Amino acid sequence: MAGSRVQVNKQHKTRFASKSSRNAHKVPLQDKHKIAKSHANVGKGARAARLQRSKMLRDQKRAELLKEKRFSSGSGSPPRIVVLFGLSSSVDLNSLEEDLLGLLSPQRNAIGSPAVASSEYKLRATILKAPYGDLSACMEMAKVADLIAFVASASFLSEDDSSNLYIDSFGSQCLSVFRAVGLPSTVVLIRDLPTALKRKHDLRKACTSSLVSEFPEDCKFYPADTKDELHKFMWLFKEQRLTVPHWRNQRPYIVAQKVDLVEDNCTPGNCTLLLTGYLRARSLSINQLVHVSGAGDFQLSKIELLKDPCPLSVKKGGDSMHSDDNHTQVIRCLMPDSMEQEPLLVENIPDPLAGEQTWPTEAEMAEADRNHKDKKPKKRILPPGTSEYQAAWIVDNSDIDYTDSDDNEDDAMVLEERGSDFLDQENENGFEPDDDESSLPGEYDEQTETDSIMMDGENLTKEQIEDEIRKIKAAHAEDEEFPDEVETPFDTPARKRFAKYRGVKSFRTSSWDPKESLPAEFARIFAFDNFSRTQKHVLAKAQEMEQGNDDEIIPAGSYTRLHIKEVPNVVASKLSNLTKTMPVISCGLLQHESKISVLHFSIKKHDTYTAPLKAKEELTFHVGFRQFVAKPLYSSDNINSDKHKMERFLHAGRFSIASIYAPISFPPLPVIALKNDGEAASPVVAAVGSLRSIDPDRILLKKIILTGYPQRVSKLKATVRYMFHNPEDVRWFKPVEVWTKCGRRGRIKEPVGTHGAMKCVFNGVLQQHDTVCMSLYKRAYPKWPQHWFPLLGA
């Protein structure tokens, strides 16, 4: 839009410039030969290289798109899986399925294959109906769907409290689960529209505007009542470029169209499972391990490449080798190589002598004697007139060893020594840790208070003490800010009851050895030195294997039969029954994915699950195509520290980390956690999320808080009772710092009396109504499940 509005800049005014300044940019004639000539060809060459590179990138993208289009819609591609899902219970999916099959194949083949081929649309498709009310079947269908057709009834109005009028509660729940798994290409088919044109247009517009917020932006809405409307949808579906979640393209998988069993005479109780179907996403190697959803991980004994039972164009003649009893022509047969086949290694076999200690050598004993002689004796300040015999019984507070009083030395509590931070804090507040009596007023009579406390404690019985503690707890019951509070038992010493706990000076900066005091289950799992590097290496190896020898792999899109060996008979019979209600999926595993480790998931409690979800409750985890049973441990995600606080429940409205023992899986992968409320009841969705990391060294700390209540308060000093019940426990926990709910911090000075009262010193004036607390931590671990896979324990 040039013209009068085009911008015109003023010319540079050179009227007042001198002649020399106007010619300053010019080069004298005598100096022109000194300046090298510009290499114009170099610039042209660089430009040509850039153009060539951009052209090469365009050609590569064009070739990739053409290859993808040929693979997704060509004759060599597997049939597209279309899943029909009704958004409400009033939708009739049977009539819609019959209409679509009538368009695709007016004359149904007699082979019995669920896939149909249409010569008119030049398309092969498999149509699956999602059973209403069966969440597990709907989830399995959504994992393998190339297109999910959500069917809405224009005559249905929801009476539930759902946000949409055309979606009921079950449809809304499944839709949220599909989003968590990853939505493929989606369309919405609107049924039950009126025949009057104006009313049909208005109702379709209202239904579209109500549903558009529930689906992705590229989702299309089609009326689907008449044959012409379905014909238009099928033409658009044929030309549509389908998109699937990224995690589905990382591993080969098969949706079994046929499940057979062959008895295995070598191993009683097991059989060979035969799964027949189209191989999708990637090529499958005969040496790979495979996972059958819900059944477990297995090895392959044979792979048969079969003739396609549902081709688009029937070729004259055939290249088949032979035909089996079921009249299915076998083109090629692959047998595994025992040297290159991936071993089915699930758990590590621990060596019971791995932790055995050997007798020290003579050199080590000589060095220990030398160090003992060179060690300077520690000077001790003793009261005047103390004899040598009396001095032997005086022990410094820092060297107190109470291991003799604890029967379990392995569970002995390790207390972190106090640092200098608290001492500096005490000095800033005007008192010294050793001379704190000098900072107190004169009317504070220490001996009188001690005597009175001892008399009070001696006069109370055990029942009276319990009743008084119960009254104090009831008075503080309204304060729910500290849910980790526990009571010290009367009959068991605290140093034994909390022997595995330790005090931590700073939760963020204090060190905690991840290899210290590990449970026996950690000897059975596997760990990576560098997980990201291993994942990169495994994916590169899978890419090389796909482009490797044709004698070991079956290309994607082939119609194959997998012979899966050593499958328990009970599991195989259950899989045969499942084929009537849901698809049976088998996927190839990457290297190391059969081994057990500690997996961490970032999950969030589902909105529809209102019951409390406690830690270590058994859940069924759906991680990609895989399913396994686990008992998770929940924790917060602390990005500023290597330690994470354990949570007793999974809280709603925020993400938490769930840690479990499970087979290794490489991210990214979605996760759906299902909760079985009973054997007869169907599972419900408890949580959704994604795989975060695989790290057995992640430290989860369980926190408890011991509480006591001030009895005598005098400025910075106070006598606290009911935190412990004997003076030995007070001395045992003396190095641990104490704090109050009003923000004061302090330390234990000494026990008072025989009933566990103690004298504490704080960094500020203590209030009488305040509560004195002590934080203790121990490392927590997930619970080892009784069985790994759902069908094994069903």
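Residues numbered from 1 in each chain as written. Predicted model: local features only at pLDDT ≥ 70, side-chain atom pairs only at ≥ 80, totals over all residues. Heavy atoms only, no water.

Q: Explain the overall build of the protein here, please?
A: Scanning the protein from terminus to terminus reveals 17 helices and 32 strands. Going through the 794 residues of the protein one by one, you find that 43% of them count as buried. Of the contacts formed within the protein by residues at least 6 apart in sequence, a portion of 78% connects residues at least 24 apart. Surface summary for the protein: the accessible area is close to 44500 Å², and the carbon and sulfur share equals 51%. (Helix = DSSP H or I, 4+ residues; strand = E, 2+ residues; numbered from the N terminus. Buried < 20%, exposed > 50% of the residue type's maximum accessible area, 1.4 Å probe, protein only. Contact = heavy atoms within 4.5 Å. Areas by Shrake-Rupley, 256 points an atom, 1.4 Å probe, with all protein chains shown as cover.)

Q: Sorry, what's going on with the pattern of salt bridges here?
A: One side chain can pair with another of opposite charge once the charged atoms of both are near each other. Enumeration over the complete set of coordinates arrives at 30 salt bridges. A salt bridge links Lys129 to Glu97; the shortest N-O distance between them is 3.4 Å. With Lys129 in strand E3 (residues 123-129) and Glu97 in helix H3 (residues 93-104), this residue pair connects regions lying 32 residues apart in the sequence. For Lys129, a relative accessible area of 30% corresponds to the partly exposed category. A salt bridge links Glu140 to Lys143; the nearest nitrogen and oxygen atoms lie 3.0 Å apart. A residue pair is termed a helical-turn pair when its members lie 3 or 4 positions apart in one helix, as Glu140 and Lys143 do in helix H4 (residues 135-144) at 3 residues. Using a relative accessible area of 2% as the deciding quantity, one classes Glu140 as buried. Take Lys143: its relative accessible area is 2%, and that puts it in the buried class. Counted as one network, the salt bridges with shared partners bring together Lys55, Asp59 and Arg62. (Salt bridge = Lys/Arg side-chain N within 4 Å of Asp/Glu carboxyl O.)

Q: Hey, could you run me through the packing of H3 against helix H7 (residues 227-239) in this one?
A: The axes of two packed helices give the description: the angle between them and the distance between them. Running from amino to carboxyl end, H3 crosses H7 at an angle of 65 degrees, the nearest separation of the two axes being 10 Å. Between H3 and H7, the angle falls in the class roughly perpendicular. Note on packing geometry: the crossing formed by H3 with H7 is right-handed. Seen from H3, the contacting residues are Leu96, Asp99, Leu100, Leu103 and Leu104; seen from H7, they are Lys227, Leu230, His231, Phe233 and Met234. Counted by class, the contact of H3 with H7 contains 7 nonpolar, 1 polar and 2 charged residues. (Axes fitted to C-alpha atoms, helices over the stretch in contact; angles between N-to-C directions. Parallel < 35°, antiparallel > 145°, perpendicular 65-115°, else oblique. Left-handed = near helix turned anticlockwise from the far one by under 90°. Nonpolar A, V, L, I, M, F, W, Y, C, P; charged D, E, K, R; others polar.)

Q: What is the right way to read the sheet that holds strand E4 (residues 147-153) from this model?
A: Strand pairs in the sheet, formed through backbone hydrogen bonds, run parallel or antiparallel to each other. Read across the sheet, 6 strands follow the order E2-E3-E1-E4-E5-E6 without closing on themselves; strand pairing throughout is mixed. Pairing within the sheet leaves two strands with one partner each, and these edge strands are strand E2 (115-118) and strand E6 (220-223). Neighbour-to-neighbour, the strand axes of the sheet open up by a mean angle of 30 degrees, direction not taken into account. (Pairing = 2+ DSSP bridges.)

Q: For this particular structure, what's the right way to read the environment of Ile254?
A: Among the structural elements, Ile254 can be located in strand E7 (residues 253-256). In the structure, Ile254 is positioned 334 residues away from Gly588 in sequence and 8.8 Å away in space, judged by C-alpha atoms. Sequence-distant contacts of Ile254, defined by excluding residues within four places in its chain, comprise Gly277, Tyr278, Leu279, Thr560, Leu562, Val584, Ile585 and Ser586.

Q: Explain the environment of Gly171 here, please?
A: Position of Gly171 relative to the elements: it lies in helix H5 (residues 169-181). Relative accessible area serves as the criterion here: at 0%, Gly171 is assigned to the buried category. Distance from Gly171 to Phe85, taken between C-alpha atoms, is 8.5 Å for residues 86 residues apart in sequence. For Gly171, the contacting residues outside a window of four places in its chain are Phe85 and Leu87.

Q: Just checking my understanding: could you explain the environment of Cys271 for this structure?
A: Structurally, the position occupied by Cys271 is in strand E9 (residues 270-280). C-alpha separation for the pair Cys271 and Val567, spaced 296 residues apart in sequence, amounts to 5.3 Å. Beyond its immediate stretch of four places on either side in the chain, Cys271 contacts Leu261, Val262, Glu263, Asp264, Ile564, Lys565, Glu566, Val567, Pro568, Asn569 and Ala572.

Q: Quick question: what am I supposed to make of empty space enclosed by the protein here?
A: In this approach, a probe sized like a water molecule rolls over the atoms, and the result shows the empty space that is left. Counting across every chain of the model gives 7 cavities of 30 Å³ or more. Looking at the largest cavity, its volume works out to about 100 Å³. Together, 15 residues line the largest cavity, and Pro252, Ser283, Gln288, Ala542 and Met545 are the ones closest to its centre. Of all the secondary structure elements, the ones that give two or more residues to the lining of the largest cavity are strand E10 (284-285) and helix H14 (531-546). Considering each element in turn, the lining of the largest cavity owes the most residues, 3 residues, to H14. When its residues are assigned to classes, the lining of the largest cavity shows 7 nonpolar, 5 polar and 3 charged. Roughly 70 Å³ of volume is contained in the second largest cavity. (1 Å grid on protein atoms, 1.4 Å probe; cavity = no way out; pocket = protein on both sides within 12 Å on 5 of 7 lines; lining within 4 Å. Points joined across faces, edges and corners; volume = space filled by probe spheres on them.)

Q: Would you take a moment to explain the nonpolar core for this structure?
A: Soluble globular proteins: nonpolar side chains tend toward being buried together. Core analysis: the largest hydrophobic core is formed by 88 residues, its most contacted members being Phe85, Phe150, Leu211, Phe215, Phe601 and Phe621. If sequence neighbours within four positions are ignored, Phe85 has contacts with Leu93, Ala130, Cys138, Ala149, Phe150, Val151, Phe170, Gly171, Cys174 and Phe178. (Core = buried A, V, L, I, M, F, W, Y, C linked by side-chain atoms within 4.5 Å.)

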